[in-house]
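Understanding the architecture of this molecule
Listed below are the residues making up each chain.
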Amino acid sequence: GMKNNEASFSSLALQRAAVSQANQALTEGQELGKINLTAKTRPAQLNQSQTKALSPEDGRMHRVLRIDATLSPRDPKAPGQFGRPVVVPHGKEKEVERRWKEGNFNVYLSDLIPVDRAIEDTRPAGCAEQLVHNNLPTTSIIMCFVDEVWSTLLRSVHSVLNRSPPHLIKEILLVDDFSTKDYLKDNLDKYMSQFPKVRILRLKERHGLIRARLAGAQKATGDVLTFLDSHVECNIGWLEPLLERVYLSRKKVACPVIEVINDKDMRCPVMAGGLFSIDKNYFFELGTYDPGLDVWGGENMELSFKVWMCGGEIEIVPCSRVGHIFRNDNPYSFPKDRMKTVERNLGRVAEVWLDEYKELFYGHGDHLIDQGLDVGNLTQQRELRKKLKCKSFKWYLENVFPDLKAPIVRASGVLINVALGKCISIRNTTAILEDCDGSSKLQQFNYTWLRLIKHGAWCLAPVPDNGALRLHLCDNRNKGLRWLHKSTSVFRPELVNHIVFGNYHQLLCLEGDFTQKTLKVAPCDPAKPDQKWKFENYYED
Ligand code: UD2
Ligand code: MN
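Report on the accompanying structure. This one's a predicted model, so the numbers in the text were calculated from it and none came from an experiment.

Calculation rules
- Residues numbered from 1 in each chain as written.
- Chains lettered and ligands numbered in written order.
- Predicted model: local features only at pLDDT ≥ 70, side-chain atom pairs only at ≥ 80, totals over all residues.
- Heavy atoms only, no water.
- Core = buried A, V, L, I, M, F, W, Y, C linked by side-chain atoms within 4.5 Å.
- Buried < 20%, exposed > 50% of the residue type's maximum accessible area, 1.4 Å probe, protein only.
- Contact = heavy atoms within 4.5 Å.
- Donors = N, O, S within 2.8 Å, 3.2 Å for Na, K, Ca; no water.
- Phe/Tyr/Trp six-rings, centres within 6.5 Å; stacked < 30°, edge-to-face > 60°.
- Helix = DSSP H or I, 4+ residues; strand = E, 2+ residues; numbered from the N terminus.
- Lys NZ or Arg CZ within 6 Å of the ring centre and 35° of its normal.
- Disulfide = S-S within 2.5 Å.

Another point: the nonpolar core. Counting residues in hydrophobic clusters, the biggest one holds 62 residues, and the most contacted among them are Ile142, Phe276, Ile278, Phe283, Phe305, Trp353 and Tyr396. In contact with tyrosine 396, not counting residues within four places along its chain, are Pro269, Val270, Phe305, Trp308, Met309 and Phe401. Ranked by size, the runner-up nonpolar core spans 33 residues in total, among them Val132, Met143, Cys234 and Ile258.

In structure tokens, the structure reads:
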């Protein structure tokens, strides 16, 4: 799994869980000299299961190849050779700044570094001696780009050509997602014409990376699809271990190391998204990506859930190393608002794959529900999930991502009034106070991610105007059913354990009166103990 398994479901954390650690490990890569090829911690030794393949099977296996221009670079003194950091020359700072926005990274330095520079072999010990099968499947490399910087695009292609055994590369498909830059037209055609395996596929309109990859996949003729971003550097021996995994198990999706990975546990709950090999037929069996996802974002979640929940696996292969330039912002424009695009994509993924956990997702962005997020038609995706007989998201959490804290509600159990020591209980269509009885079903409540106090399908709500309490059919979209409740708070410590109705401006609080056995809302008063409540269990911190 990922090094930092504490990832929790904080805002839009679906996406974050996957990519943030990757970003973190690689933000230094902004100075191009440090395009990360040296993950901070290198696993010292491979574990047993990874070295298992080391015994030769009657000559059906061979050692990974050492084809590598890296060993004798054309110009050993050129900047950035062997991955050495490059320093901006004095007086060039303005130029660096000016050119930064061409790619949202140090484009000036990138252009100084040879497109086929040498890089350090960052593989853990043992990788160079690993054996792979003689009859590995071939692969099509699919690299989509929109307005990519010239030198990084070329360096990506050179790194594939120089560091992969030629017989395994069926083709390199460069999918031009309707770039606007002139140098990506004739110049690119001319440059790539020296490499017979490179094909350029020009899209007639902007597809976004998800549908651009699908366009590439449609044209691919190799057995395995290997997706890469257009600003990467593949390290020596990167490809064979990926193809070996897919060869050994066709439902395995193999990812190179692009971030710090725990070397003991190679399970990866969600892939970062950009770099992976997948059996082509399997990719189509899985229904590819949801083609309804727009432009950028969320597709890594979708494919990861789909693979794990529908019988496949994702594995990060420690011997396969690929550098990637992480940038703080996308250097290209989005056809629609970036944030809205990603939210809509994540909403689609949540609606299809998250089951009851989707409340958790919406609970962290309840504006999505309030504004009636339109995720489009999901019929096909839901049918696909049924057809593939995929497991539940609960299964996924328990088996693939047990370290993720993903409580299904914020709090649960009896709801006790702290001062009176009495509990809320359901009585017909209303709620009253009575002696606590943990075994009574009538006293069980859930405080949900959308801030409803739920008893089955019924929600606690104040009667408008008179402030008495009643039960109302739950509805996630009904703001009139939402309560604020915190067992700890730095923002309103005086209102800790209060149950506040509506929003903090109205400051109406749930209040108990034991002699009357009644409940009502009244103006909040931090000094009133009969306004302080506690759930039996809290899951949020
Ligand atoms: C990460 C992934 C990326 C993708 C994305 C979420 C890695 C290393 N990168 O973001 O592959 O999964 O999360 O969607 O895991 N592109 C197009 N058309 C577009 C937009 C982008 O062709 O409309 C290209 C772009 O030139 C690049 C690739 O798609 O080669 C990925 O885009 P990115 O590099 O901006 O994404 P990144 O690395 O921030
Ligand atoms: Mn990228």
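From this point on, the discussion continues.
Turning our eyes to something else, we now look at the coordination of the manganese ion (ligand 2). For a metal bound by four donors in a tetrahedral arrangement, the ideal donor-metal-donor angle is 109.5 degrees, while six donors in an octahedral arrangement ideally sit at 90 or 180 degrees. All of the protein donors around the manganese ion (ligand 2) are Asp229 (OD), His231 (NE2) and His324 (NE2); their distances to the metal are 2.1 to 2.2 Å. Taking the relative accessible area as the measure of exposure, histidine 231 reaches 6% and is therefore buried.

A few words on the packing of aromatic side chains. For the structure on display, the rule yields 18 aromatic pairs. Between phenylalanine 227 and phenylalanine 283, the ring centres sit 5.7 Å apart and the planes meet at 55°, which makes this aromatic pair tilted. Remark: phenylalanine 283 occurs in helix α9 (residues 280-285) and phenylalanine 227 occurs in strand β6 (residues 224-228); sequence separation between them is 56 residues. Of the two residues examined, phenylalanine 227 and phenylalanine 283, each falls in the buried class. Taking the centre distance of 6.2 Å and the plane angle of 85° together, the rings of phenylalanine 535 and tyrosine 538 count as edge-to-face. Among the aromatic residues, ring-to-ring pairing joins Phe227, Phe276, Phe283, Phe284 and Tyr289 into one connected group. The aromatic ring of tryptophan 296 is capped on one face by arginine 338, whose charged end is 4.9 Å from the ring centroid. Above the plane of the ring of tryptophan 395 lies lysine 391, whose end atom (NZ or CZ) is 4.5 Å from the centre.

Under the defined criterion, the tally for this structure stands at 5 disulfides. Paired through a disulfide, cysteine 310 and cysteine 390 show a sulfur-sulfur distance of 2.1 Å. What sets the handedness of the cysteine 310 and cysteine 390 disulfide is the S-S torsion sign, and at about 100° it is right-handed. With cysteine 310 in the loop between α10 (299-309) and β10 (313-324) and cysteine 390 in the loop between α14 (379-387) and α15 (393-399), this residue pair connects regions lying 80 residues apart in the sequence.

Our next topic: unusual backbone geometry. You will see that aspartate 147, though not glycine, has its phi angle at about 55°, which is positive. Tracing the backbone shows aspartate 147 in the loop between β3 (139-145) and α5 (150-162). Taking relative accessible area as the criterion, aspartate 147 reaches 16% and is therefore assigned buried. Within the chain, asparagine 428 stands out as a residue other than glycine whose phi angle is a positive 55°. Inspection of the secondary structure puts asparagine 428 in the loop between β12 (422-427) and β13 (430-435). The exposed category is assigned to asparagine 428, whose relative accessible area is 70%.

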